[in-house]
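Each chain, written out:
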Amino acid sequence: MSYAKTAVTAVLLFLCAFAFARKDDSYNQHYIGPDEDAPWEENALPLPAYPQGNEKWVDIYVSQTYKGHPKLMLDNIVINTDKTVHFILNQQSDQGINNLTAEAMHCQSRSSKILAYGDDVNKRWIQPRNSQWKVIGTTLNQLDKVRSVLYQTFCEDGLPMNQKELIERINTRAMR
């Protein structure tokens, strides 16, 4: 009798080991992950046209205590081939003064870069001398609260697949 129990136990152990060792190809077969070893290269895009005044802006909700009125231009959000998101941001002051920037956000490195500052008097972009990618910070340690909200909008759950998904994310994540 003990030989039969030992044989059954051995067969069950073999089947369990076989079940754990088999490759499960049925889940997410079409996912192509990023090549972690390949260095990321930024693709340059031309600066957008300077806002003329008839563009559609949406208010970005940061928090009840946040001073200022950040706005995002809806008509000019571009997802570049290098997986960066390009947008125009207006960090309007409490006094109504516009502070326009053309920016890019790289989701994988959790960083943003100011591509140009807006000259609201002459209606033109001014490129900074030394534009560098800067880390946004984590959700718990928000170094830049506006860009943290934009990161959550553009980057969490991967980049939006199309304009409809992008607008839906802006409505649900940035505008509250």
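The structure this text deals with has already been given above.
One structure accompanies this document, and this report is about it. Remember, predicted model here, so these are calculated numbers, not experimental data.

## So, the packing of aromatic side chains
So, step 1. Using the criterion set out here, one finds 3 aromatic pairs in the structure.
So, step 2. Ring centres 5.5 Å apart and planes at 80° place the aromatic pair tryptophan 40 and tryptophan 133 in the edge-to-face group. Of this pair, tryptophan 40 sits in the loop between helix H1 (2-21) and strand E1 (57-59) while tryptophan 133 sits in the loop between strand E7 (124-126) and strand E8 (134-135), placing them 93 residues apart in sequence.
So, step 3. Note on phenylalanine 87 and phenylalanine 154: the rings are 5.4 Å apart at their centroids and 45° apart in plane angle, and the pair reads as tilted.

## So, helix H2 (residues 145-154)
So, step 1. Most of H2 is tucked away, with 9 of its 10 residues classed as buried.
So, step 2. Looking only at H2, the buried set comprises Val146, Arg147, Ser148, Val149, Leu150, Tyr151, Gln152, Thr153 and Phe154.

## What about helix H3 (residues 163-174)?
So, step 1. With 12 residues, H3 extends 15 Å between its outermost C-alpha atoms, agreeing within 8% with the 16 Å of an ideal straight helix rising 1.5 Å per residue.
So, step 2. Among all positions in H3, only Leu166, Arg169, Ile170, Arg173 and Ala174 are buried. Down the axis of H3, the smallest arc covering the buried residues is 100°, so these residues share one side. Exposed positions of H3 whose direction lies more than 90 degrees from the buried face are Lys164 and Thr172.
So, step 3. Residues of H3 that are buried make contact with E1, strand E2 (69-73) and H2.
So, step 4. Of the residues flanking the start of H3, the one acting as N-cap is asparagine 162, its side-chain oxygen 3.2 Å from the backbone nitrogen of lysine 164.

Criteria and thresholds
- Residues numbered from 1 in each chain as written.
- Predicted model: local features only at pLDDT ≥ 70, side-chain atom pairs only at ≥ 80, totals over all residues.
- Heavy atoms only, no water.
- Phe/Tyr/Trp six-rings, centres within 6.5 Å; stacked < 30°, edge-to-face > 60°.
- Helix = DSSP H or I, 4+ residues; strand = E, 2+ residues; numbered from the N terminus.
- Buried < 20%, exposed > 50% of the residue type's maximum accessible area, 1.4 Å probe, protein only.
- Expected span 1.5 Å × (residues − 1).
- Arc of directions from axis to C-beta.
- Contact = heavy atoms within 4.5 Å.
- Polar contact = N/O pair within 3.5 Å; in protein donor to acceptor, adjacent residues only side chain to side chain.

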